[in-house]
Amino acid sequence: MTKTIEQKALKFIDEYHLIEKGDKVLVALSGGADSIFLLSFLIKFKKRFGIEVIAFHLNHKLRGKSADADEKFCFDFCKQNKIKFICVKKDVKSYAKKLKVSVEETGREIRYLELNKAADKIGCTKIATAHNASDNVETILLNFVKGAGIKGLSGIPVRRDNIIRPILCLTSEEIRQYLKKNKIFFRVDESNLNSDYERNFLRNEIIPKLKARLNPRVEEKISNTSKIISEINSFVEKQTEQISRGAIKLEGKVLRINTKKI
């Protein structure tokens, strides 16, 4: 089982050319199952890829002592595995109030901002996040319910600029099985059990019912569909770009648009 899951991730990384020899990879580490799996996996195969691995932890200061315990756990994990550890503390709740945006959205924005700042500072070529197939399904279902075009139904991109998602092919169940089998410990975020959050509602209540009543492989099937939609979206975007290049021209100070072509 361990080898199967590892091979699945390795094949996925190779297929999408996510990691190249000489890369310096900054891993977003929360201490939860997914990010601990990702960091453990990259540490195990860093010689195979020919890369350097560094961990980044953001303490959101949302859960008091639990947040500090997460930070200490991540620090200890990296020390034990001889991995450089970077930690940033931000009061996400205060930022959310100032910006009048949800705590979830603010946390996400700050996380990517700080990851990019850290990557630039220490010269990392890639930022790896631990989004998995289950996260992807939640994103697709949320977008579908709220109304989305083909871009929204494409789900989480495998890569965006310097950000890569090496374990997007694995479900959270596969990840937890692997960690259990290999006796790798991780932190549990108790807020994930609260179904007041949209994602948690889907994760804790809707998706398990879809699995039980309609299809036990619902995550795999929705992920496959999103891959097809993503390919359609890429094709449409390329075609639109080509048409735009041929239909829009700047001549001196005059912008000419061929409306018939468009």
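Quick notes on the rules
Position labels on residues start from 1 in each chain and follow its written sequence. This being a predicted model, a pLDDT of at least 70 is required before a residue's local features are given, and a value of 80 or more before pairs of side-chain atoms are given or counted; all residues contribute to the totals for chains, interfaces and linings. Calculated side-chain values reflect all of the structure's heavy atoms, with hydrogen atoms and water omitted. A run of DSSP states H or I qualifies as a helix once it reaches four residues; a run of E qualifies as a strand once it reaches two. Both are numbered from the N-terminal end. Exposed residues in this analysis have more than 50% of their type's maximum accessible area, buried residues have under 20%, and partly exposed residues fall in between, with area computed by a 1.4 Å probe over protein chains only. Residues are treated as being in contact if the distance between any of their heavy atoms lies within 4.5 Å. Strands are treated as partners if at least two bridges between them are detected by DSSP. An axis is simply a line fitted to the C-alpha atoms; with a helix, the fit covers only the stretch in contact. Between two such axes, the angle follows the N-to-C directions and lies from 0 to 180 degrees. Here a helix's expected span is defined as the number of its residues, less one, multiplied by 1.5 Å. Think of it as the arc spanned by the lines of direction from the helix axis to the C-beta atoms. The patches reported here contain residues having more than 30% relative accessible area and no salt bridge. Joining distances are 9 Å for like charges and 5 Å for nonpolar side chains (Val, Leu, Ile, Met, Phe, Trp, Tyr). For every accessible area listed, the method is Shrake-Rupley and the probe measures 1.4 Å; residues are considered covered only by the protein chains on display. The term salt bridge refers to a side-chain nitrogen of Lys or Arg lying within 4 Å of a carboxyl oxygen of Asp or Glu. Each crossing gets its hand from how the near helix is turned against the far one by less than a right angle, where anticlockwise is left-handed and clockwise is right-handed. Polar here means any residue outside two lists: the nonpolar Ala, Val, Leu, Ile, Met, Phe, Trp, Tyr, Cys and Pro, and the charged Asp, Glu, Lys and Arg; Gly therefore counts as polar.

Peer 1: Tell me about the overall build of the chain, and name the residues and values.
Peer 2: Each helix and strand in the chain was counted, giving ten helices and eight strands. Overall size of the chain, expressed as C-alpha extent along the three principal axes, is 65 × 50 × 45 Å. Per-residue burial for the chain yields a buried fraction of 41% across its 262 residues. Pairs at least 24 apart in sequence give 74% of the contacts found in the chain among residues at least 6 apart.

Peer 1: I'd love a proper account of the sheet that holds strand 1 (residues 24–28), names of residues and values included.
Peer 2: Spatial ordering of the open sheet is given by 3-2-1-4-6-5, a layout of six strands whose pairing is mixed. What marks the edges here is a single partner per strand, and that holds for strand 3 (84–89) and strand 5 (159–160). Taken together, the two bridges between strand 4 (residues 126–128) and strand 6 (residues 163–164) define a ladder with parallel strand orientation. In the strand pairing of strand 6, I127 is matched with I163. Docked against the sheet, helix 2 (residues 33–44) engages strand 1, strand 2 (52–59) and strand 4, running at close to 160 degrees with respect to strand 1.

Peer 1: Explain helix 4 (residues 65–80) residue by residue, including any values.
Peer 2: Between its terminal C-alpha atoms helix 4 stretches 22 Å, which fits the 22 Å expected from 16 residues at 1.5 Å a residue. For helix 4, the set of buried residues is A67, D70, E71, C74, F77 and C78. Buried positions in helix 4, seen along its axis, are confined to an arc of 130 degrees and lie on one side of it. Of the exposed residues in helix 4, the ones pointing more than 90 degrees away from its buried face are K65, K72, K79 and Q80. Buried residues in helix 4 make contact with helix 2, strand 2 and strand 3. At the C-terminal side of helix 4, K82 shows a positive phi close to 55 degrees.

Peer 1: Can you explain a nonpolar patch on the surface? Please cite residues and give values.
Peer 2: Taken together, I243, I248, L250, L255, I257 and I262 make up a surface patch of nonpolar side chains, about 590 Å² in accessible area. Take L255: it is sitting in strand 8 (residues 254–257).

Peer 1: Got a sec to walk through the pairing of strand 1? Specific residues and values, please.
Peer 2: Within strand 1, four of the five residues are buried, leaving the element largely enclosed by the surrounding structure. Here strand 1 runs beside strand 2; their pairing, made up of five bridges, is parallel. Opposite L26, over in strand 2, you have I54 as the bridge partner. Of the pairings in the sheet, the one linking strand 1 to strand 4 comprises three bridges and is parallel in character. Within strand 4, the position partnered with V27 by the bridge is A128.

Peer 1: Talk me through the packing of helix 2 against helix 8 (residues 172–181); I want residue IDs and the actual numbers.
Peer 2: Contact geometry of helix 2 with helix 8 gives a least axis separation of 10 Å together with a crossing angle of 65 degrees. By crossing handedness, the relation of helix 2 to helix 8 is classed as left-handed. Across the interface between the two elements, A33, D34, I36, F37 and K44 of helix 2 pack against I175, R176, Y178 and L179 of helix 8. Within the contact of helix 2 with helix 8, the residues separate by chemical class into six nonpolar, no polar and three charged.

In short, shape yes, function no, at least from these values alone.
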